[in-house]
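Chains, contacts and geometry: an overview
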Amino acid sequence: VQIRPGWNTLELRSRLIDGATAVDTVRVALSSRPAALTATRDRVLIQADGHATETLGFEVVDGLGLPVADGIVVNVVSGGELVDAVDVRPDTRGLQVLVTGARVALTTRPRNDTGRGVVVVECEGFTARTDVSFVAARKPFFATGLLDVRIGSFRKAGSGSGVGVDGYRDGVGVEGD
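Residues numbered from 1 in each chain as written. Predicted model: local features only at pLDDT ≥ 70, side-chain atom pairs only at ≥ 80, totals over all residues. Heavy atoms only, no water.

1. Describing the sheet that holds strand 10 (residues 115-123)
Stated precisely, the cut-off is as follows: For two strands to be treated as a pair, DSSP must find no fewer than two bridges joining them. By definition, any uninterrupted DSSP run of H or I lasting at least four residues is a helix, any uninterrupted run of E lasting at least two residues is a strand, and each is numbered from the N terminus. For helices, the fitted line uses only the C-alpha atoms of the stretch in contact; every axis is such a line through C-alpha atoms, and the angle between N-to-C directions lies from 0 to 180 degrees.
Pairing in this open sheet of five strands is mixed, and the strands run 4-11-10-6-8 from one edge to the other. Each having just a single partner strand, strand 4 (43-48) and strand 8 (95-98) make up the two edges of the open sheet. Neighbour to neighbour, the strand axes of the sheet diverge by 30 degrees on average, direction disregarded. Bridge count between strand 10 and strand 11 (residues 126-136): nine bridges; the pairing is antiparallel. For Gly115, the partnering residue across the bridge sits in strand 11 and is Phe134.

Take a look at the structure:
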């Protein structure tokens, strides 16, 4: 049975013992060469705390929008130093990774310092990119002691004055020990 890239209809005919014919039809799809490569996210923000990582995703489909077969090689053109991936062709210059499930997943390396970079991948002449930004790690904020918050206003009419009124506050005030 010859199957061509795209949608194919397979028909199976069988002659039963009683002489009748049984027919069954199945539609199957065979993906062809990659025709599109897209990043699942344009930009990722990662905390520069030495532990945080993110997974960058790139989808590869053929001309009919079908997922391509596993095992197709995708080249990391730039930003290879930002990701932690196994090079499937170590004898070839650059970092090469394989498509699995119509997708390439690259995990970033954790960093302690802030900075930016771009991961660009290429497959069969198509490119996609994701901007990677390492931002300052969030520091916990703790307030200890006694905190006193007062919100109030003073309204006056005529030519009276607010001077001398105990506890008068105009706006918001915070006091702490």
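Anyway, onward from the coordinates.
2. Things to note about the environment of Ala85
Let me state the cut-off plainly: Here, residues are in contact when the closest pair of their heavy atoms is within 4.5 Å.
Residue placement: Ala85 occurs in the loop between strand 7 (83-84) and strand 8. C-alpha separation for the pair Ala85 and Leu106, spaced 21 residues apart in sequence, amounts to 6.4 Å. Those residues within four positions of Ala85 in sequence are excluded, and the remaining contacts are Leu95, Val97 and Leu106.

3. A look at the pattern of salt bridges
Here is the rule: We count a salt bridge whenever a side-chain nitrogen from Lys or Arg sits within 4 Å of a carboxyl oxygen from Asp or Glu. Relative accessibility under 20% of the residue-type maximum defines a buried residue, over 50% an exposed one, and the middle range a partly exposed one, all with a 1.4 Å probe and only protein chains included.
Under the criterion given, the structure shown has five salt bridges. Between Arg33 and Glu124 there is a salt bridge, with the nearest N and O atoms lying 2.4 Å from each other. With a gap of 91 residues between them, Arg33 in the loop between strand 2 (21-30) and strand 3 (34-39) and Glu124 in the loop between strand 10 and strand 11 connect regions that are remote in the sequence. A relative accessible area of 40% places Glu124 in the partly exposed class. Glu54 is paired through a salt bridge with Arg41; the nearest N and O atoms lie 3.4 Å apart. Of the two residues, Glu54 is situated in the loop between strand 4 and strand 5 (55-62) and Arg41 in the loop between strand 3 and strand 4; the sequence distance between them amounts to 13 residues. Of the residues examined, Glu54 reaches a relative accessible area of 25% and is grouped as partly exposed.

4. Remarks on the side chain of Thr108
Among the structural elements, Thr108 can be located in strand 9 (residues 103-108). Look past the residues within four positions of Thr108 in its chain and what remains in contact with it is Ile46, Thr53, Glu54, Leu56, Leu82 and Val83.

5. Things to note about the sheet that holds strand 7
Think of a sheet as strands paired side by side through backbone hydrogen bonds, with each pair either parallel or antiparallel. Judged by pairing direction, the sheet is antiparallel, and its four strands sit side by side in the order 3-5-9-7 without closing on themselves. Edge strands, defined here as strands with exactly one partner in the open sheet, are strand 3 and strand 7. Bridge analysis of strand 5 against strand 9 gives five bridges, and the strand direction is antiparallel. The residue bridging Phe58 from the neighbouring strand is Val104, located in strand 9.

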